[in-house]
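# Structural features, examined
Residue strings, one per chain:
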Amino acid sequence: ANADQWKGKSIYQLFTDRFAPPSATAPARTSPLPETCDPIQQTWCGGTWLSIIDKLDYIQGMGFDAVWISPVSQNIDVYTPYNYAYHGYWVNDPLVLNPRFGSSDDLKALSNALHARGMYLMVDVVVNNIPSLNAYDAVNSTALKLDGSLWTDPSEFHPQCWIDYSNQTSVENCWLGDDKVALMDVNTENPTVVSTLNSWIGNLTSTYGIDGLRIDAAKHVPGTFWTRFCAASGVFCIGEVYGSDINFAASFQTEKWMDSILGYPLYYGIVNGFGTPSGNMSSFVEIAQQTLATFPQPGLLGNFIENHDLPRWRNTTTDSQLAYNAMVAQFIFDGLPIVYYGQEQDFSHGAGDPYNRAALWPSNYANTTTYQHIRRLNDIRHAVITNNTQFNGKNFLDSQTTIVASTKTDVAFRKGPLLAVLTNRGSPSVAQAFGVPTSGWSAQSAVIDLLSCKQHAVGSGGAISVSYAASGYGGMPYIFVSQTDAAALKICGDV
Ligand code: ABC
Ligand code: CA
């Protein structure tokens with residue numbers, strides 16, 4: 001599927017090893033399995049491509065129409081100072097599937113099961129580096145001993161150096177990892193490497209019906225490599241450009257290196273704005289404005305508030321209303337929402353890798369308040385998209401977010417027919433209100449908040465005011481639509 005087809009999709013990111021346990025229909029590929037899946041052990045817990053199929057109802061029940069899975073290629077399968085490659089990022093041969101996650105037929109079965117539900121498959125791909133426990137000293141010699149590695153010739157790697165993040169040449173050519181598990185930097189200028197990877201990715205996407213790619217370590221490879229690689233893949237590419245530099249991040253779209261990137265800049269904005277009670281809302285507004293002004297297509301960015309490299313949202317921010325507000329920003333702002341498995345279960349253990357990668361099954365896949373909140377947000381997006389609900393002649397996907405009002409603690413932004421009104425005041429009720437002077441709707445009309453299904457009046461000049469005084473709700477988020485639109489969308493029944 002191409003970028004246009006991905007526009008409007010909503011993505012659930014999971015760790016293949018950790019999302020669903022082996023079962024009768026999805027036997028384990030790893031034995032023995034640990035009795036409990038303790039992330040500190042950094043070992044396989046038994047999830048496979050087939051076990052993901054067992055739990056697709058859970059993902060689809062939350063309203064997602066795309067699933068991003070761990071890298072599918074073969075990893076080093078040895079004990080390391082960081083234990084085992086349960087995460088799938090220590091790819092040593094992209095061309096071979098990872099037997100820990102299943103067989104070729106199993107991956108096809110997952111792809112078919114998703115497509116039968118009208119859902120897309122996104123696969124994580126790692127080509128920048130190859131792990132090694134002993135190549136650190138050997139890379140400049142003529143005979144590399146990398147067991148099972150696709151690349152064995154020194155000309156297929158860049159010489160050893162550790163990355164200096166202040167120097168982009170170093171970021172591209174030096175090595176990720178450390179001297180315990182070195183991630184040898186593949187020479188992505190070597191013509192054999194380039195042609196091997198390009199023909200592989202085209203085969204992989206067509207063989208397994210893959211609809212999109214998450215490109216690992218995108219900033220560590222020259223952009224021109226990706227232009228050809230993504231063209232060869234024939235599908236939507238979203239790159240991981242870890243960092244807060246908006247101009248650098250936007251160059252991936254402006255230079256046409258790939259369709260999109262993960263929204264790291266907006267992530268930092270959401271953390272600054274909603275990560276703490278009465279946080280820095282002006283930082284959120286500033287980053288949001290810059291994102292909109294700098295990216296040619298902000299509507300394709302991947303918006304997240306946690307992932308496998310970052311702290312769990314609820315680890316750093318316990319207040320549930322802050323989480324609900326942050327998720328509205330994640331879902332309604334320009335871009336594709338990406339929810340990391342466990343976010344819907346309020347997973348709070350995990351200040352970082354490896355604690356943020358716990359197994360999901362101890363949650364019993366419960367229908368939590370957050371699960372329902374996410375479902376509601378997906379429902380709202382789907383409803384405005386399928387109804388082609390318009391505001392001033394523009395629909396949700398084709399209109400760019402505009403910040404309508406903000407204070408130190410509040411922000412209101414419009415995207416098409418929806419007006420999100422958010423706060424970082426947190427759960428306690430306070431006898432305070434936030435007034436949005438010009439909502440865009442005319443005075444004397446009525447609007448509906450699609451989260452609470454309550455009606456609000458539009459005052460003179462189009463003003464809307466929300467109160468944070470209701471006991472038990474405090475600083476809750478709002479998503480307004482006109483009453484006429486609300487009736488057509490049916491999210492709140494007959495209103
Ligand atoms: C293992 C152990 C860890 C141990 C680590 C050293 O080694 O498990 O306990 O601490 C995979 C595995 C990891 C594994 C690593 C290394 O490999 O998942 O468990 O860690 O063996 C991607 C993936 C990631 C994956 C890899 C490697 C790459 O998402 O899961 O890791 O294939 C950099 C890369 C980025 C990479 C990330 C982990 O490291 O750019 O591609 N992620 C700065 C830099 C970033 C850098 C980041 C973290 O630090 O700019 O480029 O990411 O090192 C902001 C700034 C940012 C700054 C952040 C920290 O602060 O704006 O620029 O980011 O304010
Ligand atoms: Ca590189």
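Rules and cut-offs
- Residue positions are counted from 1 within each chain, in the order its sequence is given.
- The naming scheme follows written order: chains are lettered A onward, ligands numbered 1 onward.
- At least 70 in pLDDT is required for a residue's local features to be given in this predicted model, at least 80 for side-chain atom pairs to be given and counted, and no such filter applies to totals for whole chains, interfaces and linings, which use all residues.
- The side-chain figures draw on all heavy atoms in the structure; neither hydrogens nor water molecules are used.
- Between Lys or Arg on one side and Asp or Glu on the other, a salt bridge is scored when a side-chain nitrogen of the former is within 4 Å of a carboxyl oxygen of the latter.
- Going along the chain from the N terminus, every DSSP run of H or I of four or more residues is numbered as a helix, and every run of E of two or more is numbered as a strand.
- Donor atoms: N, O and S within 2.8 Å of the metal, or within 3.2 Å for Na, K and Ca. Because water is excluded, sites can look incomplete.
- A simple rule labels every residue: compare its accessible area, found with a 1.4 Å probe on the protein chains alone, to the largest value its type can have, and call it buried under 20%, exposed over 50%, or partly exposed in between.
- We call two residues in contact whenever any of their non-hydrogen atoms come within 4.5 Å of each other.
- Summarising the geometry, the arc corresponds to the directions from the helix axis toward the C-beta atoms.
- A pair of cysteine sulfur atoms is labelled a disulfide when the two atoms are within 2.5 Å.
- Within 3.5 Å is the distance limit for a polar contact, defined as a pair of N or O atoms, with the added protein rule that one can donate a hydrogen and the other accept it, and that residues adjacent in sequence qualify only through two side-chain atoms.
- Two strands are counted as paired when DSSP detects at least two bridges linking them.
- Only heavy atoms are used to decide nearness, and a residue is near a molecule or strand if one of them lies within 4 Å of it.
- Per-residue accessibility takes into account occlusion by the displayed protein chains alone, with areas from the Shrake-Rupley method and a 1.4 Å probe.
- To estimate how far a helix should extend, the number of its residues minus one is multiplied by 1.5 Å.

Across all of its chains, the model carries 14 salt bridges by this definition. Arginine 29 is the partner of aspartate 106 in a salt bridge, and the nearest nitrogen-oxygen pair spans 2.9 Å. Of this pair, aspartate 106 sits in helix H5 (residues 104-116) while arginine 29 sits in the loop between helix H2 (16-19) and helix H3 (49-54); the two residues are 77 residues apart in sequence, bridging distant segments of the chain. Note that arginine 214 is salt-bridged to glutamate 240, the shortest N-O span being 3.8 Å. Within this pair, whereas arginine 214 is found in strand E9 (residues 212-215), its partner glutamate 240 is found in the loop between strand E10 (236-239) and helix H10 (246-254), the two being separated by 26 residues in sequence. Each of Asp124, Arg214, Asp216 and Glu240 takes part in a single network of salt bridges with overlapping partners.

On to the coordination of the calcium ion (ligand 2). The protein atoms that coordinate the calcium ion (ligand 2) are Asn128 (OD1), Glu172 (O), Asp185 (OD), Asp185 (OD) and His220 (O), at distances of 2.3 to 2.5 Å. In primary-sequence terms, the residues that donate to the calcium ion (ligand 2) follow N-x43-E-x12-D-x34-H. With a gap of 44 residues between them, asparagine 128 in the loop between strand E5 (120-125) and strand E6 (129-132) and glutamate 172 in helix H7 (residues 168-173) connect regions that are remote in the sequence. Given a relative accessible area of 1%, asparagine 128 falls into the buried group.

Turning next to the environment of methionine 122. Relative to the assigned elements, methionine 122 resides in strand E5. By relative accessible area, which is 0% here, methionine 122 ends up buried. Remark: the alpha-carbon pair of methionine 122 and serine 111, spanning eleven residues in sequence, is separated by 9.5 Å. Contacts of methionine 122, omitting those with residues within four sequence positions, involve Trp6, Ile11, Val67, Trp68, Ile69, Gly212, Leu213, Arg214, Phe236 and Ile238.

A few words now on helix H9 (residues 223-233). Taken together, the buried positions of H9 are Gly223, Phe225, Trp226, Phe229, Cys230 and Ser233. Looking down the long axis of H9, one finds its buried residues gathered within 135° of arc, a one-sided arrangement. H9 presents Thr224, Arg228 and Ala231 as exposed residues on the side facing more than 90 degrees away from its buried surface. With its phi angle positive at about 75°, glycine 234 sits one or two positions after the end of H9.

Enumeration over the complete set of coordinates arrives at four disulfides. Disulfide pairing is shown between cysteine 161 and cysteine 174; the S-S distance is 2.0 Å. Across the S-S bond linking cysteine 161 and cysteine 174, the dihedral sits near -95°, which makes this disulfide left-handed. Pair noted here: cysteine 161 is in the loop between helix H6 (135-138) and H7 and cysteine 174 is in the loop between H7 and strand E7 (176-177), with a separation of 13 residues, a long-range link. With relative accessibility at 8%, the residue cysteine 174 sits in the buried group.

Residue position: serine 233 is located in helix H9. Within the structure, serine 233 has its side chain in polar contact with the backbone oxygen of cysteine 230 (distance 2.7 Å). Within the local environment of serine 233, its side chain forms a polar contact with the backbone nitrogen of valine 235, the two atoms lying 3.2 Å apart. Contact partners of serine 233, with chain neighbours within four places excluded, come to Ile201, Gly202, Thr205 and Leu213.

The three strands lie next to each other as E6-E8-E7, forming an open sheet whose pairing is antiparallel. Of all strands in the sheet, those with a lone pairing partner are E6 and E7, marking the two edges. Bridge count for E7 against strand E8 (residues 182-185) is two bridges, and the pairing is antiparallel. Bridge assignment links glycine 177 to a residue of E8, and that residue is alanine 182.

Neighbouring residues of ligand 1: 24 residues in total, closest Lys219, His220, Glu240, Asp309 and Asp353. Contact distances for ligand 1 include 3.0 Å between an oxygen atom and a side-chain N or O atom of arginine 214. When isolated, ligand 1 has an accessible area of 1100 Å², and the protein chains bury 69% of it.

Next up on the list: the side chain of asparagine 303. For asparagine 303, the location among the structural elements is in strand E12 (residues 302-303). Note on asparagine 303: relative accessible area 2%, which makes it buried. A polar contact is formed between the side chain of asparagine 303 and the backbone oxygen of aspartate 334, at a distance of 2.8 Å. Residues in contact with asparagine 303, not counting those within four places in the same chain, are Gly263, Leu266, Gln330, Phe333, Asp334, Gly335, Leu336, Pro337 and Ile338.

Bridge count between strand E20 (residues 446-449) and strand E21 (residues 454-457): four bridges; the pairing is antiparallel. Among the inter-strand pairings, valine 447 is bridged to a residue of E21, identified as histidine 456. Counting the residues in the hairpin turn of E20 and E21 gives four residues, including cysteine 453, whose phi is positive at 65°.

Moving on to H5. The end-to-end C-alpha distance of H5, which contains 13 residues, comes to 18 Å, matching closely the 18 Å that a straight helix rising 1.5 Å per residue would cover. Taken together, the buried positions of H5 are occupied by Asp106, Leu107, Leu110, Ser111 and Leu114. Projected down its long axis, H5 shows its buried positions confined to an angular sector of 140°, all on one face. Turned more than 90 degrees off the buried face of H5, the exposed positions are Asp105, Asn112 and Ala116. Where H5 is buried, its residues touch H3, helix H4 (56-60), strand E2 (66-69), strand E4 (91-97), E5 and helix H8 (191-208). Looking one or two residues past H5, glycine 118 carries a phi angle of roughly 75°, positive in sign.

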